[in-house]
Amino acid sequence: ERIPSEPEQIRIDQYSTPGQTDRFEVYIAGTAELSVGGDVEPWDMTSNVTAMAGGSAGSYRAVEEAMRSAGVDSTSPVTLTGYSQGGLIAAQLAASGDYSVEGLLTVGAPAGQVAVPHDIPYLAIEHTNDLVPALGGSFASSEPVIVRRQLFDGPPPPSDFALPAHRLSNYLDTARLVDASPNSTI
């Protein structure tokens, strides 16, 4: 529920404990604009394509700048959570080795091909009928705990959204089920 919604795309929470290094939690939203053209919106399709190709996406650079502005450096303990494009960016930040990542949560993210180090605790939540995570391929180079759920087993999904299984509200429902699960591996 802390994943931001438009117009904000990044939320950073800082936690201070006397005598300890400040730790941070970074939340990254998904695509805000479906245009291709590299305008002023870093969460657009240009960034999606660039990030999936392993390039330097505008959204990646925006999150790095926000982290720097918040005081996150290479030694700061940080947990990354991202939805959709934000999940891909979170996985790439974790894989970069530039940060002290203590945990990674991706939600509906096309991040399967990102080589996240195996020592980073990683949970990936996906809907089996969501096209977006499928675009990222399989987790051949990472070992996340993967929670998958099929939506819309009964009647057809609502037609007022192009990708109903990808809606953040549906992923929030799935995350609540994960939180309520007695399974100790998730």
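Our structure's up above, just so we're on the same page.
The structure contained in this document is the topic of the report that follows.

What counts, and where the lines are drawn
Just so you know, the residues in each chain are numbered from 1, in the order the chain's sequence is written. Since the coordinates come from a predicted model, pLDDT governs what is reported: local features require at least 70, and pairs of side-chain atoms require 80 or more to be given and counted, while whole-chain, interface and lining totals use all residues. Computation of side-chain values covers all heavy atoms of the structure but excludes hydrogens and water. Helix numbering and strand numbering both begin at the N terminus, where a helix is a DSSP run of H or I of at least 4 residues and a strand a DSSP run of E of at least 2. Multiply 1.5 Å by the residue count of a helix minus one, and that product is the helix's expected span. Partly exposed describes any residue whose relative accessible area lies between the buried limit of under 20% and the exposed limit of over 50%, with all areas from a 1.4 Å probe on protein chains only and scaled to the type maximum. Directions from the helix axis toward the C-beta atoms define the arc. When a carboxyl oxygen of Asp or Glu lies within 4 Å of a side-chain nitrogen of Lys or Arg, that pair is called a salt bridge. Only strands joined by at least two bridges in the DSSP assignment are considered to pair. Only the contacting stretch of a helix is used when fitting its axis, a line to C-alpha atoms as for every element, and angles between N-to-C directions run 0 to 180 degrees. Definitions for this section: a left-handed crossing has its near helix turned counterclockwise from the far helix by less than a right angle. A right-handed crossing has that turn clockwise. Every residue pair with non-hydrogen atoms within 4.5 Å of one another is taken to be in contact. Residues are grouped as follows: Ala, Val, Leu, Ile, Met, Phe, Trp, Tyr, Cys and Pro are nonpolar; Asp, Glu, Lys and Arg are charged; all remaining types, including Gly, are polar. By convention a nonpolar core is built from buried Ala, Val, Leu, Ile, Met, Phe, Trp, Tyr and Cys residues, the set being connected through side-chain atoms within 4.5 Å. In this scheme, patches are assembled from residues that exceed 30% relative accessible area and form no salt bridge. Like charges are connected within 9 Å, while nonpolar side chains (Val, Leu, Ile, Met, Phe, Trp, Tyr) are connected within 5 Å. Under the convention used here, a 1.4 Å probe and the Shrake-Rupley method define accessible areas, while residue burial counts only the protein chains that appear.

## Some details on helix H5 (residues 168-180)
For H5, with 13 residues, the first-to-last C-alpha span of 18 Å sits near the 18 Å given by 1.5 Å per residue. Along H5, the residues that are buried comprise Asn170, Tyr171, Thr174 and Val178. Buried positions in H5, seen along its axis, are confined to an arc of 95 degrees and lie on one side of it. Summarising the geometry of H5, the exposed residues directed more than 90 degrees from the buried face are Asp179 and Ala180.

## Some details on the pattern of salt bridges
What the rule picks out here adds up to 7 salt bridges. Between Glu1 and Arg176 there is a salt bridge, with the nearest N and O atoms lying 2.7 Å from each other. Here Glu1 is found in the segment before strand S1 (10-15), whereas its partner Arg176 is found in helix H5, with 175 residues between them in sequence. Here Asp173 and Arg176 are joined by a salt bridge, their closest N and O atoms 2.9 Å apart. With Asp173 and Arg176 both in helix H5, this residue pair falls 3 residues apart, about one helical turn. Using a relative accessible area of 39% as the deciding quantity, one classes Asp173 as partly exposed. Relative accessible area serves as the criterion here: at 41%, Arg176 is assigned to the partly exposed category. Counted as one network, the salt bridges with shared partners bring together Glu1, Asp173 and Arg176.

## Quick word on the pairing of strand S2 (residues 23-28)
The side chains of a regular strand alternate, first on one face of the sheet and then on the other. Of all 6 residues in S2, 5 are buried, a share of seventy percent or more. When S1 meets S2, the two strands line up antiparallel, connected through 6 bridges. In the sheet register, Gln14 faces S2, and the bridge partner there is Phe24. As paired elements, S2 and strand S3 (residues 77-83) share 5 bridges and run parallel to each other. Considered in S3, the bridge of Tyr27 is made with Thr81.

## Side note on the packing of helix H2 (residues 58-70) against helix H3 (residues 85-96)
At a minimum axis distance of 10 Å, the contact between H2 and H3 shows a crossing angle of 65 degrees. Note that H2 runs across H3; the crossing there is right-handed. On the side of H2, the interface is formed by Ser59, Tyr60, Val63, Glu64 and Met67, while H3 contributes Gln85, Ile89, Gln92, Leu93 and Ser96. When its residues are assigned to classes, the contact of H2 with H3 shows 5 nonpolar, 4 polar and 1 charged.

## A closer look at the nonpolar core
Ranked by internal contacts, the top residues of the largest apolar core, which has 29 residues, are Leu80, Leu93 and Leu104. Elements with a minimum of two residues in this core: S2, H2, S3, H3, strand S4 (100-107) and strand S5 (122-127). Examining the composition of this core, we find that 6 residues originate from one element, H3, more than from any other. The contacts of Leu104, once residues within four sequence positions are left out, are Leu80, Ala90, Ala91, Ala94, Val116, Ile120, Pro121, Tyr122 and Leu123. With 9 residues, the next largest nonpolar core counts Ile3, Tyr83, Val107 and Val178 among its residues.

## Section: a nonpolar patch on the surface
A surface patch of nonpolar side chains, amounting to about 370 Å² of accessible area, comprises Met52, Leu131, Leu135 and Leu163. Relative to the assigned elements, Met52 resides in helix H1 (residues 45-52). Overall, Met52 belongs to the partly exposed group, its relative accessible area being 40%.

By themselves, these are just geometric observations and shouldn't be taken as functional.
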